[in-house]
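As a plain string of letters, each chain reads:
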Amino acid sequence: LSEARAGAMRHFACGAVEKIFVSVERRRPEAEEGGEGELPSLHLLWTEPARGSTADPLAGGWTRGLYSLHRADASSGEGAAASLPSGWSRSRCVLVGWLTGESARAVSGRPSRELLRELEAGLAPFWRLLPSWRPVAVHATSWTANPLSGGSYSYPRPAAPADAADRL
């Protein structure tokens, strides 16, 4: 790298980001004929402080870093519906969420079984609002654990000159 590019890179920082996939299914598959409706995308509003120290970003667990879970189907723009088995979107579907910072580092490379237990506990107030649905599996990407990507996004530091990106 040229000195100009290396200098410009020092004006940027990298952040941790992970994508999680939550498989959910109806508690009673026959409920889809009973008009209990489709599972909506979830927009999570945390109205109470996390248990523990407010200085600890993970006091309430990594789930406190989730602000939404969106359906991964054709209507959500994720384009995944074409590859799902027939009937999947009626009794089963996948929700997609993004985590950053400490929450992303907390899930990166971890087994689905552990993440599922933590998701069920951490989002219990939200699952109670959707009694017909239950999470059955969670998968997280492991971009943060990958030494070649280290988290995958960059941003200019506050003191970066306006043309730092142009110099790259």
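Residues numbered from 1 in each chain as written. Predicted model: local features only at pLDDT ≥ 70, side-chain atom pairs only at ≥ 80, totals over all residues. Heavy atoms only, no water.

(A) Seen up close, the overall build of the protein chain. Each helix and strand in the protein chain was counted, giving six helices and six strands. Listing every helix and strand of the protein chain by position from the N terminus yields α-β-β-β-α-β-α-α-α-β-β-α. The 168 residues of the protein chain split such that 35% are buried. Taken as a whole, the protein chain presents about 10,000 Å² of accessible surface, with 54% of it coming from carbon and sulfur. (Helix = DSSP H or I, 4+ residues; strand = E, 2+ residues; numbered from the N terminus. Buried < 20%, exposed > 50% of the residue type's maximum accessible area, 1.4 Å probe, protein only. Areas by Shrake-Rupley, 256 points an atom, 1.4 Å probe, with all protein chains shown as cover.)

(B) Geometry of the nonpolar core. Counting residues in hydrophobic clusters, the biggest one holds 25 residues, and the most contacted among them are Ile-20 and Leu-66. Beyond its immediate chain neighbours, meaning those up to four positions away, Ile-20 contacts Trp-62, Leu-66, Leu-69, Leu-95, Val-96, Gly-97, Leu-99, Val-107, His-139 and Ala-140. (Core = buried A, V, L, I, M, F, W, Y, C linked by side-chain atoms within 4.5 Å. Contact = heavy atoms within 4.5 Å.)

(C) Focus on the side chain of Thr-141. Residue placement: Thr-141 occurs in the loop between β5 (133–140) and β6 (152–156). Since its relative accessible area comes to 12%, Thr-141 is described here as buried. At a separation of 2.4 Å, a polar atom in the side chain of Thr-141 contacts the side chain of Glu-18. The contacts of Thr-141, once residues within four sequence positions are left out, are Glu-18, Lys-19, Phe-21, Ser-108 and Gly-109. (Polar contact = N/O pair within 3.5 Å; in protein donor to acceptor, adjacent residues only side chain to side chain.)

(D) How the structure looks around the environment of Ala-164. Within the secondary structure layout, Ala-164 lies in helix α6 (residues 164–167). A residue is classified by how much of its surface remains accessible, and Ala-164, at 1% relative accessible area, is buried. Residues Ala-164 and Arg-5 lie 159 residues apart in sequence; the distance between their C-alpha atoms is 8.8 Å. Ignoring anything within four residues of it in the chain, the contact list for Ala-164 reads Ala-8, His-11 and Phe-12.

(E) A look at the packing of aromatic side chains. Applying the stated rule across the entire model yields two aromatic pairs. Judged by centre distance (5.1 Å) and plane angle (90°), the rings of Trp-46 and Phe-126 are edge-to-face. Taken as a pair, Trp-46 in the loop between β2 (42–43) and β3 (68–71) and Phe-126 in helix α5 (residues 124–127) lie far apart in primary sequence, 80 residues in all. Its relative accessible area of 16% is what places Phe-126 among the buried residues. (Phe/Tyr/Trp six-rings, centres within 6.5 Å; stacked < 30°, edge-to-face > 60°.)

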